[in-house]
Amino acid sequence: MQKTLIALSLIAATATAAFAADDPIAVRKALMQSNGAAAGLAAGMMKKEIDYSPAAGKAAIAALHATAEAFGEFFPEGSDMGADTKASAAIWENPEGWQAELDQFKAAAAAATEASGRAGPADLAAFQGAVGPILGTCKSCHEKFQAR
């Protein structure tokens, strides 16, 4: 059941992003919804509220990695003016800092993907070690570059 829900949420987020490709704010929101679902699953497993499984761990890491690779492409100049965006002006005012945050997100997600292997992290401890740094980059970026 969990695998089905994860797959459906990833498909929905991908489809939303594909249909909204001409609207960078809509794409960012779709990517963050997918990211939020993956982070929620990861946090639930890390807190032992959800039973850990290597397949679910791999799916969460894969979703986070996909967002890390795509996310930065959807912040063109002028997309900070949308009425419905949480993107802080700091993204455009401090592009080097923004890029550094994206690079950390990408590196953490790539490392987790590599560490998770083909079948996913073997146990909860391995999953926590792989996904913890990704979630840390999320927190850091939100603190610096998300309008509240």
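Preceding block: the structure.
Residues numbered from 1 in each chain as written. Predicted model: local features only at pLDDT ≥ 70, side-chain atom pairs only at ≥ 80, totals over all residues. Heavy atoms only, no water.

Caption draft 1: Just the nonpolar core, in detail. Core analysis: the largest hydrophobic core is formed by 21 residues, its most contacted members being M45, I61, F127, V131 and I134. Counting residues per element, the ones that place at least two in this core are α2 (24-46), α3 (54-70), α5 (95-116) and α6 (124-145). Ignoring anything within four residues of it in the chain, the contact list for I61 reads A112, T113, S116, P121, F127, A130 and V131. Counting 12 residues, the second largest nonpolar core, distinct from the first, contains F71, I91, W92 and C141. (Core = buried A, V, L, I, M, F, W, Y, C linked by side-chain atoms within 4.5 Å. Buried < 20%, exposed > 50% of the residue type's maximum accessible area, 1.4 Å probe, protein only. Helix = DSSP H or I, 4+ residues; strand = E, 2+ residues; numbered from the N terminus. Contact = heavy atoms within 4.5 Å.)

Caption draft 2: Spotlight on the packing of α2 against α6. Put simply, α2 and α6 touch, their axes get as near as 10 Å, and they point 135° apart. In terms of their interaxial angle, α2 and α6 are classed as oblique. Note that α2 runs across α6; the crossing there is left-handed. On α6, the residues that touch M32, N35, A39, A42, M45 and M46 of α2 are L124, F127, Q128, V131, G132, L135, C138 and H142. Partitioned by chemical class, the residues of the contact of α2 with α6 number 10 nonpolar, 4 polar and no charged. (Axes fitted to C-alpha atoms, helices over the stretch in contact; angles between N-to-C directions. Parallel < 35°, antiparallel > 145°, perpendicular 65-115°, else oblique. Left-handed = near helix turned anticlockwise from the far one by under 90°. Nonpolar A, V, L, I, M, F, W, Y, C, P; charged D, E, K, R; others polar.)

Caption draft 3: View of the packing of aromatic side chains. Applying the stated criterion to the full structure yields 6 aromatic pairs. Ring centres 5.5 Å apart and planes at 70° place the aromatic pair W98 and F145 in the edge-to-face group. Within this pair, whereas W98 is found in helix α5, its partner F145 is found in helix α6, the two being separated by 47 residues in sequence. Side by side, W98 and F145 carry an identical accessibility label, which is buried. An aromatic cluster is defined as three or more aromatic residues linked by ring pairs; in this entry it consists of F71, F75, W92, W98 and F145. (Phe/Tyr/Trp six-rings, centres within 6.5 Å; stacked < 30°, edge-to-face > 60°.)

Caption draft 4: Structural context of α2. In this model α2 runs 32 Å from its N-terminal to its C-terminal C-alpha over 23 residues, within 8% of the 33 Å that 1.5 Å per residue would give. Once α2 finishes, K48 follows within two positions and takes phi at roughly 65°, a positive value. (Expected span 1.5 Å × (residues − 1).)

Caption draft 5: How the structure looks around the pattern of salt bridges. Applying the stated criterion across every chain, the model contains 3 salt bridges. The residue K29 makes a salt bridge to D84 at a minimum N-O spacing of 2.4 Å. Taken together, the positions of K29 in helix α2 and D84 in the loop between α3 and α4 (90-93) put the pair 55 residues apart, joining distant regions of the chain. Close ionic contact of K144 with E101 constitutes a salt bridge, the shortest N to O distance being 2.7 Å. Of this pair, K144 sits in helix α6 while E101 is found in helix α5, placing the two residues 43 residues apart along the sequence. Residue K144 is classed as partly exposed on the basis of its relative accessible area, which comes to 48%. Assessed through its relative accessible area of 4%, E101 is described here as buried. (Salt bridge = Lys/Arg side-chain N within 4 Å of Asp/Glu carboxyl O.)

From the geometry alone we can't say anything about function, so treat these as descriptive.
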